[in-house]
Amino acid sequence: MSEPLLEARGIQKSFGQVHALRGADFTVHEGEIVALIGDNGAGKSTLVKILSGADQPDEGQILVDGGPVSMPSPHAARDLGIETVYQDLALAADLDPAANLFLGREIFRSGLLGRLGFLDKRAMARDTANEMARLGVRLKDATAPVAALSGGQRQSVAVARAAMWASRVIFMDEPTAALGVVQTEQVLQLVRRVRDEGIAVVLISHNMPQVLEVADRVEVLRLGARVARFTAADATVDDLVAAMTSGTTEERAA
Amino acid sequence: MTTVDSSTTTQGPAPASAWRSLGDRVRHGETVRIFGALVILCAAFSILRPHAFPTTANIVNIASDASVLLVLAVGGTYVILTAGIDLSVSGVLVFAGVISAKIMAALGGQSVGVLLLSLAAGLVAGLAWGLINGVLVAKARIPALIVTLGTMGASQGAALLITNGVDVRDVPFNLVLSVGSGKVAGVPWLVVIALAVAVVGGVILSQTRFGRYTYAAGSNAEALRRTGVASARHLIKVYAVAGLLAGLAGYLSLARFATTTLGGHATDNLSTIAAVVIGGTSLFGGRGTMIGTVIGVFIPTVLQNGFVVLGVQAFWQQVAVGVVLIAAVYLDQMRRAARQRP
């Protein structure tokens, strides 16, 4: 098998007396959806923060394509092609989808106007329309402020933003937690589509049936370390729950 | 990097509807309504006093009255769009006017150099107060209401300290005759300057990254920060612009009244906020337009002028503006509630 796309090795992180991560490992391969699961306090969020540059490990190594990297900031992670979809989506609700997709990465007009900070709204709208079409996202009104969209469509905009800029991995924190049945299915469809476009997706979720439905692999964290790896097709909800609640630090082969 | 196929990115323009956002259209509709209210107001006063209200002299009068407020409201629009507030502009205006007047008095003479130097001093004074506001709001994270309430008192007090509470009156005649009451093609210079400020402010707001970050800061500051934008620095710039424009307004006021009018601006901050909010900018940030603010400035000004022309006590204007302001905020809240349904 080729080198993992993104790998964490022996990550340790303490907050005062609390050891959030005790030598956690994590692996993401190209073109897969991998679910990261674990009970509350298992260290999922801390691990995701470290792998998306929002926090720094005390110990351990992060490797991209087999080579060690450092991610001192979210900027650095993004430069490595790693994007994050936050649970609160981090969208500016008064701006339209195009403005949100390009927030902080605007396209300027050419020439003097561009150097003065004038935006090329047309180019950004066009690239956004192309991105939405590529991902199969149909917005009720592509030019409405994000606040006017439904929860599922807002989630789709946030995912599309990540997919537009990510070249390697997208982390998604509970992407369907606030959604209804139909919208959840649409977002999961979108997640698969992103995977099929060649970007690996890390799904953080508490919904075990959903994890088995959409993920290719599952990695389980318990007490700050990886305790199990499953191929989703061969695992049951009971397997996952057993690993989450009583898994030992010895890993089961995937 | 963008993942879009480069062959499509260089092709022809997207359909016009794709880049004119619905938000723009809705706000446009709002703007049309405010403009309609202004037209009705003007029509009513014109019918009631056909020989006094709709005359060239009176229209020039209204525009001159509105110009200083408009300069303040351009800055106020930026601040309120970030979900902030700037109460200090009334004090900063007076302070900057005093600084300009003192420089004029110290240098003496009527030369253009003196006028420009005193203008620069006033602008720097306004900018300094704006930077203080911005740093305290963005870095020290003190609520803008409190920060600018404090600097309002401080700047007004400083102006009184410098002048011992006595208005500085030795403003060069050249300034009063040119900027203060001069006209170009029948339009007062004050109005030309104020409109130029509004146009530049409006273009920057709607067309540039600075404007977009202003909307984003008021819409979701955390989202802006997470995309890697130095949002605190942007906020400081916005308050700095508001201070700078308050400095300019102080200079224009000096030119218009030929004195520092120490006590005459106490409610300018509230008038500014009222004009911006009546013009459709949301007090919660993120929504609003400069054209709305321009119209919003004229509503209280026309009311005041109309009441004077009608012979109604001008105090009614304050009552009317208060009612309109509360109604405007109420409507904004209703719109927000209607829109925020999941």
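Residues numbered from 1 in each chain as written. Chains lettered and ligands numbered in written order. Predicted model: local features only at pLDDT ≥ 70, side-chain atom pairs only at ≥ 80, totals over all residues.

Chemist: Is there a simple way to think about the overall build of chain A in this case?
Modeler: Per the secondary structure count, chain A includes 9 helices and 10 strands. Against the compact-globule benchmark of 18 Å for 254 residues, chain A has a radius of gyration of 19 Å, which places it among compact chains. Across its three principal axes, chain A shows a C-alpha extent of roughly 60 × 40 × 35 Å. Taken over 254 residues, chain A has a buried fraction of 51%. (Helix = DSSP H or I, 4+ residues; strand = E, 2+ residues; numbered from the N terminus. Rg over C-alpha atoms; globule rule 2.2 N^0.38 Å. Buried ≥ 20, exposed ≤ 12 C-beta atoms within 10 Å, placed from the backbone.)

Chemist: Looking at this structure, I do not really get the sheet that holds strand 1 (residues 6-15) of chain A. What am I missing?
Modeler: Through backbone hydrogen bonds, the strands of a sheet pair up, either in parallel or in antiparallel fashion. All names here are of chain A. Strand order in this open sheet of 4 strands is 2-1-4-5, and the pairing throughout is antiparallel. The open sheet has two free edges, formed respectively by strand 2 (18-28) and strand 5 (67-69), since each of these has just one partner strand. Each strand axis lies, on average, 30 degrees off the axis of its neighbour in the sheet, ignoring direction. As paired elements, strand 4 (residues 59-64) and strand 5 share 3 bridges and run antiparallel to each other. When the bridges of strand 5 are listed, Val64 appears paired with Gly67. Against the sheet, helix 1 (residues 44-51) engages strand 1, strand 2 and strand 4, with an angle of about 120 degrees to strand 1. (Pairing = 2+ DSSP bridges. Axes fitted to C-alpha atoms, helices over the stretch in contact; angles between N-to-C directions. Contact = placed C-beta atoms within 7 Å.)

Chemist: Quick question: what am I supposed to make of helix 7 (residues 181-196) of chain A here?
Modeler: All names here are of chain A. If you check helix 7, its first and last C-alpha atoms are 23 Å apart, about what 16 residues at 1.5 Å a residue would give, namely 22 Å. Of all the positions in helix 7, only Gln186, Val187, Leu190, Val191, Val194 and Arg195 are classed as buried. Of the surrounding secondary structure, the elements contacted by the buried residues of helix 7 are strand 3 (33-37), helix 5 (121-135), helix 6 (151-165), strand 7 (169-173), strand 8 (200-204) and helix 8 (208-214). Of the residues flanking the end of helix 7, it is Gly198, one or two places downstream, whose phi is positive at about 100 degrees. (Expected span 1.5 Å × (residues − 1).)

Chemist: Hey, could you run me through the packing of helix 5 (residues 89-107) of chain B against helix 7 (residues 144-163) of chain B in this one?
Modeler: Pairs of packed helices are described in terms of their axes, by the angle between the two and the distance that separates them. All names here are of chain B. Contact geometry of helix 5 with helix 7 gives a least axis separation of 7 Å together with a crossing angle of 25 degrees. The angle between helix 5 and helix 7 falls in the class roughly parallel. For helix 5 against helix 7, the interelement crossing comes out left-handed. Across the interface between the two elements, Ser90, Gly91, Val92, Val94, Phe95, Val98 and Lys102 from helix 5 touch Thr151, Met152, Gly153, Ser155, Gln156, Ala158, Ala159, Ile162 and Thr163 from helix 7. (Parallel < 35°, antiparallel > 145°, perpendicular 65-115°, else oblique. Left-handed = near helix turned anticlockwise from the far one by under 90°.)

Chemist: Looking at this structure, I do not really get the pairing of strand 4 of chain A. What am I missing?
Modeler: On a regular strand, each side chain points to the face opposite its neighbour's, so the side chains alternate between the two faces of the sheet. All names here are of chain A. Across 5 bridges, strand 1 lies against strand 4 in antiparallel orientation. For Gln12, the partnering residue across the bridge sits in strand 4 and is Glu59. Taking the residues that link successive antiparallel strands as the turn, the strand 4-strand 5 hairpin has 2 residues, and the phi of Asp65 there is positive, at about 50 degrees.

Chemist: Can you walk me through helix 10 (residues 209-226) of chain B in this structure?
Modeler: An α-helix turns once per 3.6 residues; consequently, residues spaced three or four apart project the same way. Residues and elements named next belong to chain B. Under the 1.5 Å per step criterion, the end-to-end length of helix 10 is only 16 Å for 18 residues, more than 12% shorter than the ideal 26 Å. Asn220 marks where helix 10 bends most, by close to 120 degrees. Most of helix 10 sits out of view: 14 of its 18 residues are buried. Downstream of helix 10 by a residue or two, Gly228 has a phi angle that is positive, lying close to 95 degrees. (Bend = angle between axes of the 7 residues up to and from the residue.)

Chemist: When you look at unusual backbone geometry in this model, what are you seeing that I'm missing?
Modeler: For residues that are not glycine, phi is negative in most cases, and the peptide bond is trans in most cases. Residues and elements named next belong to chain B. Positive phi values are uncommon outside glycine, yet Arg141 reaches one of about 60 degrees. With respect to the element layout, Arg141 can be found in the loop between helix 6 (112-138) and helix 7. By the C-beta count within 10 Å, which is 9 here, Arg141 ends up exposed. A positive phi angle, near 55 degrees, is found at Asn164, a position not held by glycine. Residue placement: Asn164 occurs in the loop between helix 7 and helix 8 (173-180).

Chemist: Looking at this structure, how should I read the nonpolar core?
Modeler: Inside soluble globular proteins, nonpolar side chains tend to come together where they are buried. By size, the foremost hydrophobic cluster in this structure holds 179 residues, and its most contacted members are A:Val169, A:Ile170, A:Leu203, B:Val71 and B:Leu245. Per-element tally for this core: the top contributor is helix 11 (residues 231-257) of chain B, with 16 residues. Setting aside residues no more than four positions away along its own chain, B:Leu245 makes contact with B:Val71, B:Leu72, B:Val74, B:Gly75 and B:Val197. (Core = buried A, V, L, I, M, F, W, Y, C linked by C-beta atoms within 7 Å.)

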